[in-house]
Amino acid sequence: MPLDTERGYHAEWDMPAPRLGRPCADAARGVYLCPMAGRLRAVGTVELGGIHAPPTPRRIARLVAGARAWFPDLGPPDRTWMGLRPSIPDSLPVIGPSARGAGVIHAFGHGHLGVTLAPLTAAIVAALVAGRAPPADIASLSPQRF
Ligand SMILES: Cc1cc2nc3c(=O)[nH]c(=O)nc-3n(C[C@H](O)[C@H](O)[C@H](O)COP(=O)(O)OP(=O)(O)OC[C@H]3O[C@@H](n4cnc5c(N)ncnc54)[C@H](O)[C@@H]3O)c2cc1C
């Protein structure tokens with residue numbers, strides 16, 4: 001499978017009440033600001049660097065600068081991390097039975113939307129396991145498309 005990874009970065013500041021009431025995107029700076037419980041999170045960037053390279057500090061610095069454009073008094077972040085978004089070149093996940101046998105059902109490669117799509121993917125996999133028609137057309141997601 002042509003699985004690659006889109007590396008993304010996070011920086012978080014602890015605070016009793018995040019200063020935003022909803023997630024906001026600063027499209028020009030490529031930074032997303034998200035209110036979380038007890039903290040403000042800045043997130044973004046796509047880095048094609050594989051799964052073994054260490055995090056790139058200047059990407060964190062860019063997120064921090066983007067957050068400070070909105071909230072200039074932010075100090076150093078309380079934590080930062082890099083995550084691997086498992087991505088397929090056509091930006092679609094791989095969902096369906098393995099070519100080596102229907103006893104193995106693939107469900108991976110959700111790219112940027114793994115959290116969002118998890119319930120639907122779970123419903124699709126449950127239907128496949130039970131031998132029912134899946135709740136969505138999964139032809140374009142087939143593991144055999146490569
Ligand atoms: C910066 C960032 C922002 C995000 N924003 C959102 C968002 O806005 N909305 C949302 O719904 N989700 C978001 N996510 C979550 C992300 O989309 C999911 O983590 C991802 O889609 C999980 O997909 P999956 O369940 O198919 O995982 P799987 O395909 O099952 O893979 C998960 C595992 O694969 C590993 N992996 C990644 N690439 C490779 C590779 N090339 N080779 C081998 N292993 C690999 C990972 O380390 C992980 O352990 C974000 C993640 C990050 C890092």
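Residues numbered from 1 in each chain as written. Predicted model: local features only at pLDDT ≥ 70, side-chain atom pairs only at ≥ 80, totals over all residues. Heavy atoms only, no water.

Draft legend 1. How the structure looks around the confidence of the model for the protein. Here the protein averages 96 in pLDDT, and 100% of its residues register 70 or above. Here strand β7 (residues 101-108) stands out as the element of the protein with the lowest mean pLDDT, 94, in contrast to strand β1 (residues 4-14), whose mean of 98 is the highest. (pLDDT = per-residue confidence, 0-100. Helix = DSSP H or I, 4+ residues; strand = E, 2+ residues; numbered from the N terminus.)

Draft legend 2. How the structure looks around the side chain of Thr56. Tracing the backbone shows Thr56 in the loop between β4 (39-47) and α1 (57-70). Owing to a relative accessible area of 17%, Thr56 belongs among the buried residues under this scheme. For Thr56, the residues in contact, after removing those within four places along its chain, are Arg7, Tyr9 and Glu47. (Buried < 20%, exposed > 50% of the residue type's maximum accessible area, 1.4 Å probe, protein only. Contact = heavy atoms within 4.5 Å.)

Draft legend 3. Quick look at the pairing of β1. Taken across its 11 residues, β1 has 9 buried, putting it largely inside the fold. Looking at chain direction, β1 and strand β5 (residues 79-87) are connected through 9 bridges and run antiparallel. Note that in β5 the partner of Tyr9 across the bridge is Met82. As defined by bridge partners, β1 adjoins β4 across 7 bridges and the pair is classed as antiparallel. Each residue of the ladder has a partner; that of Arg7, found in β4, is Glu47. (Pairing = 2+ DSSP bridges.)

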